[in-house]
Amino acid sequence: YTLRTLFPYTTLFRSWSQYMGLNLTSQGLHKKLTVSPIEGSWTVEKYVSIGGTKIDDKKAKQLIGKTAYFSEATVIFNGKTSNNPKYKVKSVNTKSYFWDTIKISAKSLGIQNADVQIITINSNNIFFDEYIKLDEVTLIKNYEGILLYFHKIKDSNNTKDRKSVV
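Rules of the game
Residues numbered from 1 in each chain as written. Predicted model: local features only at pLDDT ≥ 70, side-chain atom pairs only at ≥ 80, totals over all residues. Heavy atoms only, no water. Buried < 20%, exposed > 50% of the residue type's maximum accessible area, 1.4 Å probe, protein only. Helix = DSSP H or I, 4+ residues; strand = E, 2+ residues; numbered from the N terminus. Arc of directions from axis to C-beta. Contact = heavy atoms within 4.5 Å. Polar contact = N/O pair within 3.5 Å; in protein donor to acceptor, adjacent residues only side chain to side chain. Core = buried A, V, L, I, M, F, W, Y, C linked by side-chain atoms within 4.5 Å.

1. Section: helix H3 (residues 94-102)
Restricting attention to buried positions, one finds in H3 the residues Thr94, Tyr97, Phe98 and Ile102. Take H3 and look down its axis: the buried residues cluster within an arc of 90 degrees, on one side only. Along H3, exposed side chains directed more than 90 degrees from the buried face belong to Lys95, Trp99 and Asp100. Looking at the buried positions of H3, the neighbouring elements they touch are strand E7 (86-93), strand E8 (115-123), strand E9 (126-135), strand E10 (138-143) and strand E11 (146-154).

2. Some details on the side chain of Thr43
Relative to the assigned elements, Thr43 resides in strand E3 (residues 40-49). Thr43 gets classed as buried once you look at its relative accessible area, which sits at 15%. Within polar-contact distance, the side chain of Thr43 engages the backbone oxygen of Gly65 at 3.3 Å. Apart from residues lying up to four places away in sequence, Thr43 is in contact with Gly65, Lys66, Thr67, Tyr149, Phe150, His151 and Ile153.

3. A closer look at the environment of Lys103
Mapped onto the secondary structure, Lys103 falls in the loop between H3 and E8. Expressed as a C-alpha distance, the spacing of Lys103 and Gly51, which sit 52 residues apart in the sequence, is 9.2 Å. A distance of 2.8 Å separates the side chain of Lys103 from the backbone oxygen of Asp100, its partner in a polar contact.

4. A look at the environment of Ile118
Counting through the fold element by element, Ile118 comes out in strand E8. Owing to a relative accessible area of 1%, Ile118 belongs among the buried residues under this scheme. On a C-alpha basis, the gap between Ile118 and Val92 in space is 7.3 Å, while along the polypeptide they are 26 residues apart. Leaving out residues up to four positions away in the same chain, Ile118 has contacts with Lys88, Val89, Lys90, Val92, Tyr97, Glu130, Tyr131 and Ile132.

5. Looking at the nonpolar core
Phe70, Phe77, Tyr131, Ile146, Leu148 and Phe150 are the most contacted members of the largest nonpolar core, which totals 21 residues. Breaking this core down by element, the ones donating at least two residues are E3, strand E4 (67-70), strand E5 (74-77), E7, E8, E10 and E11. Residues Ile50, Phe98, Leu109 and Ile111 belong to the second largest nonpolar core, which totals 16 residues.

6. Quick notes on unusual backbone geometry
With a phi close to 65 degrees, Lys103 is a non-glycine residue in the positive phi region. A positive phi is found at Glu144, a non-glycine position, where the angle reads about 50 degrees. Looking at where Glu144 falls in the secondary structure, it is placed in the loop between E10 and E11. Given the relative accessible area of 35%, Glu144 is considered partly exposed.

By themselves these figures say nothing about function.
The structure is reproduced here in C-alpha cells:
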C-alpha cells in the first residue's frame, strides 16, 4: 500500500477515535469517562507488601475490611473524598506495567492477565487516585508501598449505600 492509499483510512480512524473520546498512544488505549468504570462498593480483602512500605503491618491490617465507593458523582476511600470525579481508563500490558511502575513481577503476585485496565481518577483536573482493574470483581491499589486487593461487594449508585461507607 502506498501512503496516499492509507491516508484516508488513517484520517477516518483518527476522527472516529476523537469522536469516541479515545487517545492513541504507545502505552495503550485511553478513554475518558464521566461514568465510573468501577461503579459500586468495593472492600479491601487483603494486602501484599511490595518493598519500600511506608506503613507498618498493624496499619496495613487495619485497612482490611475498609470500603471504597465509586460513582459518577463521588469517590470515597479511607476518609478521602473526590466530588465530580473524571475517570480515565487505559489498557496496558500486565507484565510491563507491574515491572515498570511497581517494580515487581505480576507473575510473583499470581496475576495471569495479559492486560489490565488502569483507572485514573481526577477531580478538577487534579490527580486523585489510581486503581488497577484485574477483572469485573477485583481491583488493586498501590497504597503507601502495599498493594490493596479490593473485591466488589455491590453494584450501586444508591445514596443510602454511600452513607454506609463514610
